[in-house]
Amino acid sequence: MKKGFEDRIHDIPLPAKARGEVPGVCSVERSWDGWKLTRRDLMGLVAAGVFAGLPRTARAACTTGAYAHEIVVGSLSFSPDGKTLVSAGRDRFVKFWSIPGGALFRSVATADVPFQVAVSPDGSQIAVAMDNGHLELWPFAGGTKRALQGHTAAVKGVAFTPDGSQLVSVSLDRTTKVWSVANATLVRSFTDSTDTMLQAAVPRAGLLRDVSDGRRAANEALAPAQSYLVTSGTQVYLRSLATGAILRAVAGKAFALNPNGEFLAADDGTKLYMYAFPSLAPNASVVQKQNATSLSYSADGKLLSIAYTGAPAQLYSAPDLTLTLETGASAGANLATAMDPQNQYLAVASGQSILLFGLPSGNVLPVCFMDVAASSPASSGIQYLMGGVVYTAGCTSPIPDGGVCTCDCVPGDCPCVYDTGCSCDSDTGCDCDTDTGCSCDSDTGCECVGDVGCSCDSDYGCGCVDDTGCGCDGDTGCGCDGDSGCGCDSE
Amino acid sequence: MMAGVEVREEEGRDPRMNCPSRGTGNEEGRRAHKSSGHRARNHRGHPPPHPELFVLPVGEAEYLVYAPLRRAALIGNAALVRSMRDGGSPEIAAMLGDDDERAPVARPAGPPRPIAATLLLTNACNLRCRYCYAAAGERPPAFMRPETARRAIDFVAANAVARKARSFEVTYHGAGEPALHWKLLEESHLYARSVAKANGLRLRSSLTTNGALAADKRAWIVGHLDSANVSFDGLPEVQDANRRFPSGRGSSDIVLATLRAFDSAGFRYSIRMTVTAGTAPRLAQSVAFLCRRFRPRAIQAEPMYRMGRGREEEEAETAVFIEAYRAARRTSRKAARLLRFSGARLGTVTNRFCGVANDNFCVSPAGNVSACHEVADEGQPFAERFFYGRPAAGTSGFEFDPEVYEGVRARTVDRLEYCAGCFAKWSCAGDCYNKALHWNAAEFAGAGRCEIVRALTKDQILEKIAASGGVFWKGSAERRDEKRI
């Protein structure tokens, strides 16, 4: 008898027990040459509830190949009324989507790669921070863009003051600048000698506690309006909005301020912290060991969403930092998360896609944010004309007001003619081994992502378009490229 | 093609021991539970505490821990594996869940009552593929007679009625090109339709073809059949090097025209690629080409079998195939979605690789019944292990040899000692019986395909973990034994 395989747990030889060794787990992700394993802290994962049978949300409604942006989505921001989501993609487009329908109703090309978009508190303006020092203010409803000139390198972060009168920007040129929104002029500029700042926020004024003694402000006089500024680079810095002076620094990179200005949540790649604000006294922390890219509070301050580059976004209750939901499989790097001011939705940028979740349940909503220009040719959707531009939305998305159906279009009831309803998503096998079942024919088209031999149309496989398909044995065959005959010799 | 028959389940078998466990009984003939909610529980009513766990090295000091019957996996260090040998932490136990740990041990009972027929219409072929497992075209041509086809159709339709099935299936295959016996293909299909109509059944019909078809035949297929499986090797120059007409002329242009015709009609088809040692380096290009230009439902890539005309060819079941397959999947999302290899199918939990152990009903041109469509000729090697029936004299049905059909029914992974310790056994299920006999007729002792199955199944597990957040995977699976009863 030939010896068989010995994969059973009690059969496999293990190295000798090392002194002080503790059980550990690894995360796995695809790398260009195979798989990349990263050691993870088992107890940290346990503490975070990863093994506690957390609910995992289902996937969103897009058919395969339907995307919001051609390249990854880098930033999301809701309008104050919660009816519009603005996204910025590395494909140099800022796009406007109706909420909750997910229909694209405006797409605007940017001067350079946008890193962050922010909608002003009154919803009238959009600030777009871009590469190569470009910073612009756009009227939300459309119109003339205003350039804010002064930065000399990529503008990585931007934030409006709570009253909307000023805009703060941070840049790789190591300056933090304060701008007048009304005039589009520079008000102040601080040199960031300590760190390169990547994110900025200005807390609400009225409910602040005084930084000097941490007591809650009895009135606004103790905490003058907009007196603080928070920026982050390798740490999170509490600064004076008037002078730029750093008042305190704590661990954290990506951060978010809760709507009432009482707490600041930050993540430094090893832990998630909850600080009291503005004292920045630590309140709670959770071991994370994942690189958070974006944090966002719900309007009521009770939920905190976190996006990670290499893992699905998570939802925590705040301020106690109890993990309540993992949002399921990612469609790529998750660079942004946002929660709507009406406390109803969570949006997560996942690769080229945007996922929308209901709050507080965290259930994924059947909404597809789809732009035909960014999607594979065969991905299905409804198509409509609005403002002279043809847009395509996912099958489940309603057509926005003012849109006129143009193709495959039944408002609210997309026929999705190419989609026969195969539910093989997320399954690499699809398991149609008898080959009569799976009807995943919503073909998304070869994307040649690996570039290991996509054979372009001009290369292989001359289709002999005039060939009538004679199968006769005597047929000498289509000669491709220039063969005008292609005929069936024996006919 | 799967003949749907009664399946009995041998419960109480401990998958870790590969033998009947004590005290739970092992009743022959017990019918399978049709509900997937059935759970194995111990005498206190709790789920089994220790799942069947397999461990594979995946890094310098990392190990993939896989529980196939609980559909769970994670990667840990040696200390974690040691901990799990002792039962593991409560958190890990919670991750593994309390799923049904019952091994998918099921096999048909009683005389075969198939509701699907594979008609092997002829061994003649219009191509002379260099690796043809059946060496088609080298033997005197044999053609099925119309009464043979009608007898098989009547038999499966009657079984469908008796078993209260809603449909029956007629598939055209062959150790040759079934379309060369075109008249019978047409006639038998129309006959099957009439039988289906008369009995209030739905007919499902498909064709396996080399795709070298004339336009009128393509049109007929599109208009009459449900689906087709087209043998095509990808890039035209690869196809033309391997799959030629007797004259030596390549077949790519004609098959490409067939694929285009199928696409333009929205017809359902899949592509079956044979990969040789010489063409493996071009597999990625071939798959990319097919994905870009055509709309198949699936692309199955298999290393060439060293059988028939390919018996002297260079071994293709090698690490080169594994890397070529991986590279092909990386070419696009579509390729990753469509590409298949028959032995690596993580989504399936079963003890049977294919219908051979489940009363496949393949009728040879001479009218005899084989359990395997690849064993289509009574003179082929090992034919005596697969041919289990023949037309019953004086009746309209078939008579079967219990010794033969029980022999192939018993060829399931739960009875393969060599596979007992393999992590992929409940998805690969012991691979192809016919090919295994060509490797080693005395006993199953693995082959190059085992390494392919193991490597690609491991890839699928890692993909599952990565797609589930990167730390652990907990999924569900189709339990074939229960679904197909």
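Caption draft 1: Layout of the overall build of chain B. Along chain B, the regular secondary structure elements total 16 helices and 21 strands. Per-residue burial over chain B gives 61% buried out of 485 residues.

Caption draft 2: Main features of helix H1 (residues 78–85) of chain B. Looking at H1(B), one finds that the buried residues are B:Ala78, B:Leu80, B:Val81 and B:Met84. One side of H1(B) holds all its buried residues, which, seen down the axis, span an arc of 160 degrees.

Caption draft 3: Geometry of the sheet that holds strand E26 (residues 322–326) of chain A. Residue and element names in this part refer to chain A. Strand order across the open sheet formed by four strands is E23-E24-E25-E26, with antiparallel pairing between neighbours. The open sheet has two edge strands, strand E23 (292–297) and E26, and neither has a second partner. Pairwise comparison of adjacent strand axes, ignoring direction, gives a mean angle of 25 degrees for this sheet. Alignment of strand E25 (residues 314–317) against E26, held across four bridges, turns out to be antiparallel. The residue of E26 that forms the bridge with Tyr316 is Leu323.

Caption draft 4: Representation of the confidence of the model for chain B. Residues and elements named next belong to chain B. Averaged over all residues, the pLDDT of chain B equals 83, while 86% of them reach at least 70. Note that residues 1–49 has pLDDT below 50 and, in this model, 98 contacts with residues that lie over four places away or in other chains. Residue range residues 478–485 is modelled with pLDDT below 50. Its contacts to residues more than four positions away, or to other chains, number 27 contacts.

Caption draft 5: The sheet that holds strand E17 (residues 369–370) of chain B, seen in detail. All names here are of chain B. Taken in spatial order, the eleven strands line up as E14-E13-E12-E11-E10-E9-E8-E16-E17-E18-E19 in an open sheet, and their pairing is mixed. Every interior strand has two partners, whereas the edge strands, strand E14 (339–340) and strand E19 (398–400), have only one. Pairing analysis gives five bridges linking strand E12 (residues 268–275) to strand E13 (residues 299–303), with the strands arranged parallel. In the sheet register, Met273 faces E13, and the bridge partner there is Ala301. Most of the contacts of helix H12 (residues 402–409) go to strand E18 (residues 387–391), to which it runs at about 140 degrees, and overall it touches E18 and E19.

Caption draft 6: Representation of the nonpolar core in the model. With 163 residues, the main nonpolar core has B:Val65, B:Ala73, B:Leu119, B:Val156, B:Val287, B:Ala328 and B:Ile465 as its most contacted residues. No other element matches the nine residues that helix H15 (residues 448–467) of chain B contributes to this core. Among all residues touching B:Ile465, those that are not within four sequence positions of it are A:Val28, B:Ala73, B:Leu74, B:Ile75, B:Gly470, B:Phe472 and B:Trp473. Residues A:Leu135, A:Tyr273, A:Val348 and A:Ala349 belong to the second largest nonpolar core, which totals 101 residues.

Rules behind the numbers
- Residues numbered from 1 in each chain as written.
- Chains lettered and ligands numbered in written order.
- Predicted model: local features only at pLDDT ≥ 70, side-chain atom pairs only at ≥ 80, totals over all residues.
- Helix = DSSP H or I, 4+ residues; strand = E, 2+ residues; numbered from the N terminus.
- Buried ≥ 20, exposed ≤ 12 C-beta atoms within 10 Å, placed from the backbone.
- Arc of directions from axis to C-beta.
- Pairing = 2+ DSSP bridges.
- Axes fitted to C-alpha atoms, helices over the stretch in contact; angles between N-to-C directions.
- pLDDT = per-residue confidence, 0-100.
- Contact = placed C-beta atoms within 7 Å.
- Core = buried A, V, L, I, M, F, W, Y, C linked by C-beta atoms within 7 Å.

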